[in-house]
Amino acid sequence: MVTTCLTGLSGTAIAQSSAVKAAKAPAAPAATPVAAPAPAPVVVPVAEPIKAINIAGAQRLEPDTIRSYITLRVGEAYTQASADQALKDLFATELFADVQVRNDAGTVTITVKENPVINRIILEGNKRIKEDKLLPEIKLSARQIFTRSKVRADVARIIEQYKRQGRFAATVEPKMVKLDQNRVDIIFEIHEGPKSKVRQINLIGNKVFKASALRSQMVTKQSRLFRVFSSGTSYDPDKLAYDQQKLRQFYLTNGYADFRVVSAVAELTPDKKDFIITYVVEEGPRYKFGNVKVESQLRDFDGDALAKRLPMKAGDWYNAKAVEDNVDRLTEAAGTLGYAFADVRPDFNRNKEKLTMDVDFRIAEAPRVYVERIDVNGNTLTQDKVVRREFRLAEGDAFNTLQVKRTTNRINSLGFFQEKFEVEQKQGTAPDRIILEANVEEKPTGQLQLSAGYSSLESLIFQASIEQRNFRGRGQTVGLSVDYSRYTRSVQASFTEPYLFDKNVSFGMDVYRRDLNSFNFLNNTRNTTYKQTTTGFQARIGLALTEFTSLIGRYTFNIDNVTLDQGTYFTDRITPGVQACDSLLAGRYLCDTIGRRTSSIIGASLVYDTLDNRLHPSRGTQAVLGADFAGLGGSVRYARLTASAARYFPLPKKFIFSLRGEAGAIKALNNRNIAGTDDIYLTDRFQLGEPNFRGFDIRGVGPRVVRKPLLAQTDAAGNTFYDPNIVSTDKNTWTDDALGGRYYYLGHAELEIPLGSGAKELGIRPSIFMDVGAVWGIKAPITNTPPVYNPLFIPSRDTAGNALYTQITAVDANCAATAATTVTNATNPSPPACLAGTTGTAANTALGNSISPFREFYFNSTPRPRLSVGIGFNWNSPFGPFRIDFAKTLLKQAGDNVKSFSFNVGTQF
């Protein structure tokens, strides 16, 4: 096996015929003349006719095929010129490495050496560009005839690919490995070299704006250490042309109508590592708007009235972007009246003496246009009707650009087709006819998701779901999901039909089971307080009232079962022998919640929605007003009213500002007649906190009961006692239970900050936010404060719920009570000898009561606002949506629990 380096591919001759080689041989030495003979007569050689043309050395090509490439023919005269032409013709085919032509008395023999056949193409050294990107650029392939010209072309194409990535120092060295049977392997040895960066961007001629301000307008950036991860520092000729347009647009936007880029030169440094770009510009004077007019030949357009409504006025600084925007506005306004092909052209009259620019918007005459036909193309699974029913125009309707935009938004919101779908408009069979085309590209609508993650709310999370959003191509949605975490578990099956019986009526059904373990914190440890299981279903039906307004009715039936751990919270203290929820252990607000009940709820929501995208809106409004009534059967009776609204504003430079708010109220329709107990169950009240209210812990806002341990004290005699006014200040020892409220409000203001194209493709969206809200409005609960600072008193309650204390008057040697008196106002007598020196807890344990000394505090409900500000970070990561927030609480009320940092990953928000 022989490896040959294919050098000299820029034009060096590849092969020479033996005839040409013979022409280069040195001439024989001349003989010494002896005498001058008489001049011989001149003999003109006679060209011999060709008797036969033989082909020698051919392996793959037929002799007749080779003869067809030359002009030599049997019977014609053989000359040196015809032989040379035959050599040129055969070499031009690029099929031969060598050719020899020999004439033997009219018998012409052509001996050829065929070019080898390519066995395979091999790439070596390519790391930055993979083979699947380079191989399509290589035109040589296995089983083709090797030619050096094709190798040269392939080398140039490979280098061009590296130049497009900014690697101008890349080199490619082709090599040929000879094999048997006249076969070769072609190896392209690639030396990629470093990526050529833009070392410096120089600007010459700018006087009004600093160079740094002009560089900020460019896509290309100077290579600096802080831009180590930026792709804009690489040199790209296309970006160079684009940056010239960006400079021109910047100057024209600021009134410099005569601005031009005189030259833009990119120089490669000698080491081929960096580029230095130099722009020479002429700024020219700054212009103002002169007369701004609108001349319309459309009968429905009043040019003078339109001119008055234009934002640009005489005397304002000239702005080319504003002119373009007004052309779009006028074109769109014409489209809303049916003029699909309205021609709006601005005419400019520049006054260089007064430095003013007159603008005359001319709207040419055009016919009203009607929809001739609606075509749907590209849908292989989705039925035509699924797309057609989203069109806001029908065949025969007058054309309307607003309705076309609305159609585009509705089809995009389906989520069945490609991103940035647009309804195309084409000229119909007549000037007043238009064809609307929906050229869709379907994408997978089925989703199987298996995920695991960690949340600061739920600890470990496991989620599995399967969903088909375009079931059978009918636009239906079916799904099944299972969620499991330490504190919540749920399973849900759902079905949605957006157009029931092909009518503009939607129908949906959900069947679910949810298990919730509520918790609080004690010593930085979560403790389960109550368990709630909900089994039920919801059926809903929606009716479109207008284009943007719909009414949704629903019916929900739930079976709720709330339980407490009997081993922890149940005693027979009140009724000996009968285990019951002990309010001293659980709190009355929890004891009043437990039980099994059914909820039969009928409700409705009025929805107004003009969002441009339901998944990630940037423009529009959404408002929802909901009402629910529980009491159509079941054991729970209440009326609930909720409202929410959101508004999104697109700002310059792709910033998005949003305002969102929600509020709710719930009223009991029955009276439970229990002192200190609200008529609305704890599980039906509104709760507020993380993650909806950033800056506060989960259920960290609103009414709550906090149980604080009493601190042991020692009297002069060395006896241990407890003072109810001396409680622990260590929050880790407190038990905190949120009670929720009947009323709440919550508002958000958020500014989404755009990043570069690379971050946008990764789904990274940072934002700054402000949240404000409150929850309030419940009946104050009865709190407990057992007077166990004297171990001779056992706390209890009478039938009315009043606190009583049983005083031990005597004990035997085993510290067992022998007599007792019930009192309502305890004193502090000296303890008996067997109890002296023991703590209140030990004494109560000895008497059969293990309640630790504590005091409960109720933090009253108030509608006063809580306020927080912070920064957030959204990322659509490969392992699921990721959200992280840093918040600072500016306003809070007594009892609220704040939290500065929160994150969630691996589950939906």
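Heads up: these notes are all about the structure in this document. As the structure is a prediction and not an experimental result, all values here were calculated from the model.

**As for the overall build of the chain**
Then, in step 1: Per the secondary structure count, the chain includes 16 helices and 41 strands.
Then, in step 2: In the chain, which comprises 909 residues, the proportion classed as buried is 40%.
Then, in step 3: Considering only intrachain contacts with a sequence separation of at least 6, the fraction spanning at least 24 residues in the chain is 61%.
Then, in step 4: Accessible surface computed for the chain: about 48,300 Å², of which carbon and sulfur atoms make up 54%.

**A word on the sheet that holds strand β4 (residues 107–114)**
Then, in step 1: Reading across from one edge, β2-β4-β3 is the order of the 3 strands in this open sheet, with mixed pairing throughout. Where the open sheet ends on each side, the last strands, each with one partner, are β2 (52–56) and β3 (96–104). The average undirected angle you get between the axes of adjacent strands in this sheet is 15°.
Then, in step 2: Sheet analysis places β2 next to β4, joined by 5 bridges and oriented parallel. Paired with I53 across the two strands is V108, which belongs to β4.
Then, in step 3: Against the sheet, helix α3 (residues 80–92) engages β3 and β4, with an angle of about 160° to β3.

**Some remarks on the pattern of salt bridges**
Then, in step 1: Summed over the entire model, instances satisfying the criterion amount to 37 salt bridges.
Then, in step 2: Between D515 and R513 there is a salt bridge; the shortest N-O distance is 2.9 Å.
Then, in step 3: The exposure class assigned to D515 is partly exposed, which follows from its relative accessible area of 25%.
Then, in step 4: Here D771 and R694 are joined by a salt bridge, their closest N and O atoms 2.9 Å apart. Taken together, the residues D771 in strand β34 (residues 764–776) and R694 in the loop between β29 (656–668) and β30 (704–714) connect sequence positions 77 residues apart.
Then, in step 5: D771 sits in the buried class, given a relative accessible area of 0%.
Then, in step 6: Beyond isolated ion pairs, a larger network of salt bridges with shared partners links K293, E295, D347, D360 and R362.

**Let's talk about a nonpolar patch on the surface**
Then, in step 1: A cluster of nonpolar residues, L543, L545, L551, L606, L625 and L641, forms a patch on the protein surface that exposes about 500 Å² of accessible area.
Then, in step 2: Checked against the element boundaries, L551 lands in strand β23 (residues 549–563).
Then, in step 3: By relative accessible area, L551 is classed as partly exposed at 36%.

**Comments concerning the packing of helix α9 (residues 320–336) against helix α11 (residues 401–414)**
Then, in step 1: Contact geometry of α9 with α11 gives a least axis separation of 6 Å together with a crossing angle of 95°. On the basis of their axis angle, the class for α9 and α11 is roughly perpendicular. Across the interface between the two elements, E332, G335 and T336 from α9 touch T401, L402 and K405 from α11.
Then, in step 2: Taken together, the residues of the contact of α9 with α11 sort by class into 1 nonpolar, 3 polar and 2 charged.

**Let's talk about the pairing of β30**
As a general feature of sheets, a regular strand has side chains that alternate between the two faces.
Then, in step 1: Across 4 bridges, β30 lies against strand β32 (residues 735–738) in antiparallel orientation. Counterpart to R707 in the pairing with β32 is T735.
Then, in step 2: The sheet contact formed by β30 and strand β38 (residues 854–859) spans 6 bridges and is antiparallel. Considered in β38, the bridge of V705 is made with Y858.
Then, in step 3: Pairing analysis gives 4 bridges linking β30 to strand β31 (residues 720–727), with the strands arranged antiparallel. Residue pairing across strands places A712 opposite Y722, the latter belonging to β31.

**What to know about α11**
Then, in step 1: With 14 residues, α11 should cover 20 Å at 1.5 Å per step; its first-to-last C-alpha distance of 20 Å lies within 8% of that length.
Then, in step 2: Within α11, burial applies to T401, V404, R406, T407, T408, R410 and I411.
Then, in step 3: Contact partners of the buried residues in α11: α9, α10 (384–388), β15 (424–427) and β26 (595–609).
Then, in step 4: Measuring from the backbone nitrogen of L402 back to the side-chain oxygen at the start of α11 gives 2.9 Å, which picks out N400 as the cap.
Then, in step 5: Positive phi appears at G415, one or two residues downstream of α11, with a value of about 80°.

**Here we look at the sheet that holds strand β8 (residues 197–204)**
Then, in step 1: Reading across the sheet, the 3 strands line up as β8-β10-β9 and stay open at both edges, with mixed pairing between neighbours. In this open sheet, the two strands that pair with only one neighbour each are β8 and β9 (260–268). Pairwise comparison of adjacent strand axes, ignoring direction, gives a mean angle of 15° for this sheet.
Then, in step 2: Sheet topology note: the β9/strand β10 (residues 274–282) ladder contains 8 bridges and is antiparallel. Along β10, the bridge assignment pairs R260 with E282.
Then, in step 3: Against the sheet, helix α7 (residues 237–253) contacts β8, β9 and β10, and its axis sits at roughly 30° relative to β10.

**Quick notes on the packing of aromatic side chains**
Then, in step 1: This model, assessed by the stated rule, comprises 20 aromatic pairs.
Then, in step 2: Taken together, the ring pairs connect F209, F250, Y251, Y256 and F259 into an aromatic cluster.
Then, in step 3: Of note, R286 hangs over the ring of W317, and the distance from its end group to the ring centre comes to 3.9 Å.
Then, in step 4: R597 extends its terminal NZ or CZ atom over the ring of Y681, reaching a point 3.8 Å from the ring centre.

**As for unusual backbone geometry**
Leaving glycine out, the prevailing phi sign among residues is negative, and the prevailing peptide bond configuration is trans.
Then, in step 1: Of note in the backbone geometry, L355 takes a positive phi value of approximately 55° without being a glycine.
Then, in step 2: As for its placement among the helices and strands, L355 is situated in the loop between β12 (344–351) and β13 (356–363).
Then, in step 3: L355 gets classed as partly exposed once you look at its relative accessible area, which sits at 27%.
Then, in step 4: If you check the backbone angles, R472 has positive phi at about 55° while not being a glycine.
Then, in step 5: Tracing the sequence through the fold places R472 in the loop between β18 (459–471) and β19 (476–485).

**Overview of α3**
Then, in step 1: With 13 residues, α3 extends 18 Å from end C-alpha to end C-alpha; this agrees with the ideal 18 Å at 1.5 Å per step.
Then, in step 2: Regarding α3, the residues found buried are S82, A83, A86, L87, D89 and L90. Mapping the buried residues of α3 onto a view down its axis gives an arc of 165°, with all of them on the same face. Exposed and oriented more than 90 degrees from the buried face of α3 are Q80, A81, K88 and A92.
Then, in step 3: Taken from the residues just after α3, E94 is the one with a positive phi, measuring 60°.

**Overview of the side chain of E437**
Then, in step 1: Checked against the element boundaries, E437 lands in strand β16 (residues 433–439).
Then, in step 2: Assessed through its relative accessible area of 11%, E437 is described here as buried.
Then, in step 3: Among the polar contacts listed, one links the side chain of E437 to the side chain of K426, at a separation of 3.3 Å.
Then, in step 4: Of note is the side chain of E437, whose polar atom sits 3.1 Å from the side chain of N439.

**Regarding the side chain of T534**
Then, in step 1: By secondary structure assignment, the location of T534 is in strand β22 (residues 525–544).
Then, in step 2: For T534, the side chain forms a polar contact with the side chain of D560, separated by 2.6 Å.
Then, in step 3: Each residue touching T534, except ones within four places of it in the same chain, is listed here: Y512, R513, R514, N558, I559 and D560.

**Regarding the nonpolar core**
Buried together is how nonpolar side chains tend to be arranged in soluble globular proteins.
Then, in step 1: Judged by nonpolar contacts, the single largest core of 26 residues is most densely connected at F289, V294, L298, M312, Y318 and F361.
Then, in step 2: Among the elements of the structure, β11 (288–296), α8 (303–309), α9 and β13 are those that each provide at least two residues to this core.
Then, in step 3: The element contributing the most residues to this core is α9, with 5 residues.
Then, in step 4: Ranked by size, the runner-up nonpolar core spans 20 residues in total, among them V371, F391, I411 and V423.

Reading the values: rules and limits
Residues numbered from 1 in each chain as written. Predicted model: local features only at pLDDT ≥ 70, side-chain atom pairs only at ≥ 80, totals over all residues. Heavy atoms only, no water. Helix = DSSP H or I, 4+ residues; strand = E, 2+ residues; numbered from the N terminus. Buried < 20%, exposed > 50% of the residue type's maximum accessible area, 1.4 Å probe, protein only. Contact = heavy atoms within 4.5 Å. Areas by Shrake-Rupley, 256 points an atom, 1.4 Å probe, with all protein chains shown as cover. Pairing = 2+ DSSP bridges. Axes fitted to C-alpha atoms, helices over the stretch in contact; angles between N-to-C directions. Salt bridge = Lys/Arg side-chain N within 4 Å of Asp/Glu carboxyl O. Patch = residues over 30% accessible without salt bridge, like charges linked within 9 Å, V, L, I, M, F, W, Y side chains within 5 Å. Parallel < 35°, antiparallel > 145°, perpendicular 65-115°, else oblique. Nonpolar A, V, L, I, M, F, W, Y, C, P; charged D, E, K, R; others polar. Expected span 1.5 Å × (residues − 1). Polar contact = N/O pair within 3.5 Å; in protein donor to acceptor, adjacent residues only side chain to side chain. Phe/Tyr/Trp six-rings, centres within 6.5 Å; stacked < 30°, edge-to-face > 60°. Lys NZ or Arg CZ within 6 Å of the ring centre and 35° of its normal. Arc of directions from axis to C-beta. Core = buried A, V, L, I, M, F, W, Y, C linked by side-chain atoms within 4.5 Å.

Structural measurements only, silent on function.
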